[in-house]
Amino acid sequence: MALRTAVLRHLRVPVTGSNQSQIGFLGPIRAFSSHDDHLSKQEVVDRVLDVVKCFPKVDPAKVTPDVHFQKDLGLDSLDTVEIVMAIEEEFKLEIPDKEADKIDSCPLAIEYVFNHPMSS
């Protein structure tokens, strides 16, 4: 991620009225994004639930889209961190620590992944 940021800082592409005709062939696609296949909400829900159900300390029968990791599943904070890391791996995301600390339930995990532009 740091390499990408460093490269983008030095890359400048001027866009003026005359250059727009040169990029007009791109049509309605999102020209500045390499990620055009955003996941549907149901795909995110299903995959997050699968990750939680596969966690060794979790009874899969208790997992629902509204479940809280500690209150409903009896997990501790370290287990919650491990689940968030498994979600990162599943969706190929890097969740900043500040945000990861807030994810303590399936609804919050689902919302974060669904709203993240790079989830896949």
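Refer to the preceding data block for the structure.
A brief structural summary. Please read all numbers here as calculations on a predicted model, not as lab measurements. (Residues numbered from 1 in each chain as written. Predicted model: local features only at pLDDT ≥ 70, side-chain atom pairs only at ≥ 80, totals over all residues. Heavy atoms only, no water.)

1. Section: the nonpolar core
Here is the rule we go by: Buried residues of nine kinds, namely Ala, Val, Leu, Ile, Met, Phe, Trp, Tyr and Cys, make up a nonpolar core once their side-chain atoms join them within 4.5 Å. Here's how the labels work: a residue is buried when its accessible area is under 20% of the maximum for its type, exposed when over 50%, partly exposed in between, all with a 1.4 Å probe on protein chains only. By the criteria applied, helices consist of DSSP H or I runs no shorter than four residues and strands consist of E runs no shorter than two, each listed in order from the N terminus. Note on contacts: a residue pair qualifies if any of its non-hydrogen atoms lie within 4.5 Å across the two residues.
Of all hydrophobic cores here, the largest spans 27 residues; its most connected members are Val 48, Val 52, Phe 69, Leu 73, Ile 87, Phe 91 and Cys 106. Of all the secondary-structure elements, those providing two or more residues to this core are α3 (41-53), α4 (77-91) and α6 (106-115). Top element by residues in this core is α3. It accounts for six residues. Those residues within four positions of Leu 73 in sequence are excluded, and the remaining contacts are Val 52, Val 58, Lys 62, Val 63, Val 67 and His 68.

2. Considerations on the packing of α3 against α4
To keep things clear, this is the line we draw: Fitted lines through C-alpha atoms give the axes, limited to the stretch in contact for helices. The angle between two N-to-C directions lies from 0 to 180 degrees. Angles below 35 degrees are treated as roughly parallel, those above 145 as roughly antiparallel, those between 65 and 115 as roughly perpendicular, and all remaining angles as oblique. Here is the rule for handedness: rotate from the far helix to the near one, and if that takes an anticlockwise turn smaller than a right angle the crossing is left-handed, while a clockwise turn gives right-handed. Under the scheme applied, nonpolar residues are Ala, Val, Leu, Ile, Met, Phe, Trp, Tyr, Cys and Pro; charged residues are Asp, Glu, Lys and Arg; polar residues are all the others, including Gly.
The N-to-C vectors of α3 and α4 enclose an angle of 135 degrees; their axes lie 10 Å apart at closest approach. Looking at the two axes, α3 sits oblique to α4. The way α3 lies across α4 gives a crossing that is right-handed. Residues Val 44, Arg 47, Val 48, Val 51 and Val 52 of α3 form the contact with α4, whose participating residues are Ile 83, Ala 86, Ile 87, Glu 90 and Phe 91. Of the residues assigned to the contact of α3 with α4, the class counts are eight nonpolar, no polar and two charged.

3. Some thoughts on the layout of surface pockets
Leftover empty space is mapped by rolling, across the atoms, a probe with the size of a water molecule. Condition: Whether a set of points on the 1 Å grid over the protein atoms alone is a cavity depends on a 1.4 Å probe fitting there but being unable to get out, while an open set qualifies as a pocket with protein on both sides within 12 Å along at least five of seven lines; lining residues are those with an atom within 4 Å of a point. Grid points are joined across faces, edges and corners, and a volume is the space filled by probe spheres set on the points.
Taken as a whole, the second largest pocket spans an internal volume of roughly 170 Å³. Lining the second largest pocket are 13 residues; nearest its centre among them are Thr 80, Val 81, Val 84, Ala 100 and Asp 101. At the level of secondary structure, the elements contributing two or more residues to the lining of the second largest pocket comprise α4 and α5 (97-100). If you tally residues by element for the lining of the second largest pocket, the top one is α4, at six residues. In terms of residue class, the lining of the second largest pocket is built from six nonpolar, three polar and four charged.

4. Observations regarding the environment of Val 51
Assignment of secondary structure puts Val 51 in helix α3. With 33 residues separating them along the chain, Val 51 and Val 84 place their C-alpha atoms 9.3 Å apart. Those residues in contact with Val 51, other than ones at most four positions away along the chain, are Ile 83, Ala 86, Ile 87 and Glu 90.

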